[in-house]
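So the chains spell out like this:
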Amino acid sequence: MASFEPCREKMEKEGIAQSAISAFESTFNSLVSGNTGIIPESTISPVPELVHTDSISAAPNSALLAETVVLKLNGGLGTGMGLDKAKSLLEVKNGDTFLDLTAKQVICMRKEFGQNVKFMLMNSFSTSDDTLEFFRTKYPSLAAEEGLEMLQNKVPKIDATTYVPATCESDPSNEWCPPGHGDLYAALIGSGRLDALLEGGYKYMFVSNSDNLGATLDLKILTHFATTDASFMMECCERTENDKKGGHLAVRNSDQHLILRESAMCADEDEDAFQDITKHRFFNTNNLWIRLDKLKEIVDKFGGFIPLPMILNSKTVDPKDDDSQKVIQLETAMGAAIECFDGASAVIVPRTRFAPVKKCNDLLLLRSDAYIITDDFRPVLNPACGGAAPVVDLDSKKYKMVGQLEEATKDGVPSLVDCKRLKIKGVVRMGRSTRFVGDVSITNTSDESKFISGKIENAALDVSGEVGLGALKPTSVATAPIAGQKPGTSGLRKKTKEFMSENYLNNFVQSVLDAVVAGGTNLSEGTLVVGGDGRYYNDQAIQTIIKMGVANGVKRFWIGQNGLLSTPAVSAMIRERGPVWQKAFGAFILTASHNPGGPEEDFGIKYNTQNGGPAPEYLMEATYANTTCIKSYKICSDFPEIDITTPGFTNVAADDGSSSVVVEVIPSTESHVALLKSIFDFGAIKSLLDREDFSMIYDSMHGVNGPFSKAIFVDELGQPESVLMNQIPKDDFNGGHADPNLTYAKELVAIMGLDRKGNKIDVSGPVPSFGAAADGDGDRNMILGSQFFVTPSDSLAVLVANANCIPFFSTQGGLKAVARSMPTSGAVDLVAKDLNLDFFETPTGWKFFGNLMDSKCIFKGKDYTPFICGEESFGTGSDHVREKDGIWAVLAWLNVLAAHNPDASKPLVTVEDIVRKHWATYGRNYYCRWDFEGMDAAGANAMMDKMRSSSAANTGRTVGSYTIATADDFKYVDPVDGSVAAKQGIRFLMSDGSRIIFRLSGTAGSGATVRMYIEQYETEKLDLPVADALEELTKIALSLCDIKTFCGTETPTVIT
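This structure is a prediction, so every number in the text was calculated from the model and none was measured.

(A) Representation of the overall build of the chain. When its secondary structure is counted, the chain shows 32 helices and 54 strands. With the C-alpha coordinates of the chain rotated into their principal frame, the extents come out at 110 × 70 × 55 Å. Counting over 1056 residues, the chain shows a buried share of 57%. Here the analysis covers contacts within the chain between residues at least 6 apart in sequence; of these, 71% occur between residues at least 24 apart. Taken as a whole, the chain presents about 41,500 Å² of accessible surface, with 49% of it coming from carbon and sulfur.

This is the structure:
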């Protein structure tokens, strides 16, 4: 006989509880002993009459509630319906999921009975994370309760030939399977919950499936269970023709025990008797009542587990590969425990207590008007149905998966309240206007889905030849995963030619849309924004995204004129543009930010969500997972090309009149400029700009901000176009590198009288008072005074110190909080401390700032707004949008300058004056960043790993005139959502407050960018050249990283 020891070793190595191992050993021994699990008809008898709960006359005893616990089985993923998350998170009705209604039932039950009835969930490893996050977000009081969750165990799949644990090298998780809901007992024992409940005074447990919303705690049934002193009680319903293939209750002849016979336990020759609903009249609803003290007695009797009949299922180790290893999955059924309890009983309950969703037929029925939700949040049959639910028979091949049903009902769920029977063969679409009456049959033999509208009464329709969607007809195009589509903190960036290769863009867009839908967004409601920085391939990509959006259900688009939308403008549009019923649910932004553009350079795409900010990590992780398994994408190939050069509307209607799509091309600057005008004092700024002793120059670097700079400085502030330079957007940024720093904005830097290191140079003529530059997508900024460079770190600190000069902050009572990325200098820290502001040091990435901004409105936490934040990489912004905003920073500086220059008759207070005054007040953080671009990724990662592994050895070490107080790898625990971001940069924190930091940039399109940051704080020597002040620290940094060895150079590409 095969040995159980290999299974025991595998389970113990996995840390599985002894109770679960013992229970599995029992079923395993049953298997190897030759037990097939079959229960012959000759060994059982029909169950005699049972008590119907309608006939129970005992007065309900509410005192029993204090001894009762309600447990929902929530381990199922619903893979049979095409789901990959907890089935209970599937929307059921009116926006509520199974878990919503369950939670509301519990809350309502507690109010009704005036007692805090204990509630528990048995989750699986597959459903735990999703479920707990759901409760934390929507029902935090329930989430916080002690003992809410109990985890189901897992057991190994068994090789069908050798009976040893199966293996799956391609995916080891396939080696395990759930043990069936019979694991309830092993989980209660192994987790210690059974003992804890008994010690807590709990005597009764009511258990049901999470997808059975009819199973609520019934005080009358509880009282009957308690007064009859039954050890175990099963709720049954009378079988009908629809139930004949399911299991039934029976009496075992040998000992007269009630037993449960499932279909897998029936021999072929007994099939007729098994399905005889006049003989075997009752089936198990899986609503069970258990005496916990009696369960404990059985567990003790059998040495720590409860023996249950074996259910054998023949499968393959990889459920997606029929040719993979043949395995046996051993399961047990929770209800089968009825045979283990002396004094077990059963009662008949009305069908209202059994309303599970196993197939799309059930889901459509439950979502329709044939069911209503009661005041205590139970779904019950609509009285208008006359006591009989409609019989729904959907094509099992076309509507096996939930996604297929939702595609058919994306325009609304049809009315079934007056329907007796509905049979659908083929693919159709229905909507709120669809009403089925009587006995209806619909057939469509064509490949195209056909729309069924209006009232269909007692009819058999063949719609195969009817007109379809026309230009709105989606096509499914076969594809395959393309390696390397993992988005970084700023989306996906690759070479343009790679994006232009077959299916590359399509795969990624489909993967994003699928992730967005899985996250709960209805694409047919609201608007999708599309635009970008105008780089090469922007216009073609927009047309592709529109066609794919339509195919996936998007009904309205806002497209920036000429395809141009700056990144902050997109955020502003999502947040500000109305009306409410058209509000944007998200946006595709086509940008690679400051990276070069053109056919040989970089292209990028990112998705922003309905708060206007970058997609959160879970959404990008889901997107990446989708890219690794994508098999097809949807596109409306016949949808017309949209003229994006002229503002206006394009309305495209389906041939069958079922739907229409509106594409609106809007002026690119409209929403953003309107928002900026509400933030700043444009009158004061104009007065400053009109001064004879003030001049400015704004360099758009041939990026997207050209139109925005004209709209603001020329159209709104009345300045001549000569204040603008490089304001015409070019698809290759005119061959330049649209990155606003001293190296790449060299034309502007020279005009401002500086060299690439920020040092003054000899000039022959007047230098403008103020200069600024933007990057390709308009979210970065560089600020310059006359022959004076303002570091991004100093710029952030100065704006925070002078925030009350800006109406947006002063009229809201002033700043509440500030934040900077970890590599950014500590200049703003000093201001925050002085002004008593909440301060945060975050990893690089605007999403971390966005969480802080949304702490109250989304996460129900502390309100940190008004809020200013910034990064050393020339990114600055506030909570007006959820992206960094280059032109916001420029206007902020101009507003501060205007406030310091209220009297035009007095000498101009310059940018340099303001910064030097700031240094005199707070001290100076000498700071620079060296970028080593295009480094070999393997060498760069090896360098980082070496420093990471040497952190402990470097801590406390003396290097030159410095002592390393701490060497570490920065880790951030988000104070808002509790998420953890690790490996965010190697830090060397000196005992005097100086810092050396190393990071690998995640935004470069090719190769790796090593970034080295050097910072020295001074309170007295405020006028040193930066290079001189940082000379020793720079040498130490190069020695610590040894970049010469790992990457072959010590010469940076860019010094900032």
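(B) Examining helix α18 (residues 670-679) more closely. Inspection of α18 places S671, H672, V673, L675, L676 and I679 among the buried residues, and these make up the whole buried set. In this structure, the buried side of α18 is in contact with α16 (567-576), α19 (682-689), α20 (705-716), α23 (807-810) and α26 (886-900).

(C) Local environment of the pairing of strand β24 (residues 435-443). Looking at chain direction, strand β22 (residues 419-425) and β24 are connected through 6 bridges and run parallel. Counterpart to K423 in the pairing with β24 is S441. Both β24 and strand β26 (residues 455-457) contribute to a ladder of 3 bridges, which runs parallel. By the bridge assignment, F436 is partnered in β26 with I456. Direction of pairing for β24 relative to strand β27 (residues 460-462): parallel, over a ladder of 3 bridges. The residue bridging I442 from the neighbouring strand is L461, located in β27.

(D) The arrangement of the sheet that holds strand β45 (residues 875-878) in detail. In space, the 4 strands of this open sheet follow the order β43-β42-β44-β45, with mixed pairing throughout. The sheet is open, and its two borders are formed by β43 (838-842) and β45, each paired with just one other strand. Here the average twist between neighbouring strands, direction ignored, is 15 degrees. Strands β42 (817-821) and β43 of the sheet are contacted by helix α24 (residues 827-834), whose axis makes an angle of about 165 degrees with β42.

(E) Highlighting the nonpolar core. By size, the foremost hydrophobic cluster in this structure holds 66 residues, and its most contacted members are F680, F713, F770, W888, L891, W893 and L894. It is α26 that provides the largest number of residues to this core, a total of 11 residues. The residues touching W888, leaving out its near neighbours within four places in the chain, are L676, I679, F680, L799, F809, I868, T876, G877, S878 and H880. In this structure, Y537, F557, L590 and I642 belong to the second largest nonpolar core, which totals 46 residues.

(F) The arrangement of the side chain of R577 in detail. Inspection of the secondary structure assignment puts R577 in the loop between α16 and β32 (584-590). At a separation of 3.3 Å, a polar atom in the side chain of R577 contacts the side chain of E670. Discounting residues that sit within four places of it in the chain, R577 has contacts with W558, A572, K583, E664, I666, E670 and S671.

Analysis parameters
Residues numbered from 1 in each chain as written. Predicted model: local features only at pLDDT ≥ 70, side-chain atom pairs only at ≥ 80, totals over all residues. Heavy atoms only, no water. Helix = DSSP H or I, 4+ residues; strand = E, 2+ residues; numbered from the N terminus. Buried < 20%, exposed > 50% of the residue type's maximum accessible area, 1.4 Å probe, protein only. Contact = heavy atoms within 4.5 Å. Areas by Shrake-Rupley, 256 points an atom, 1.4 Å probe, with all protein chains shown as cover. Pairing = 2+ DSSP bridges. Axes fitted to C-alpha atoms, helices over the stretch in contact; angles between N-to-C directions. Core = buried A, V, L, I, M, F, W, Y, C linked by side-chain atoms within 4.5 Å. Polar contact = N/O pair within 3.5 Å; in protein donor to acceptor, adjacent residues only side chain to side chain.

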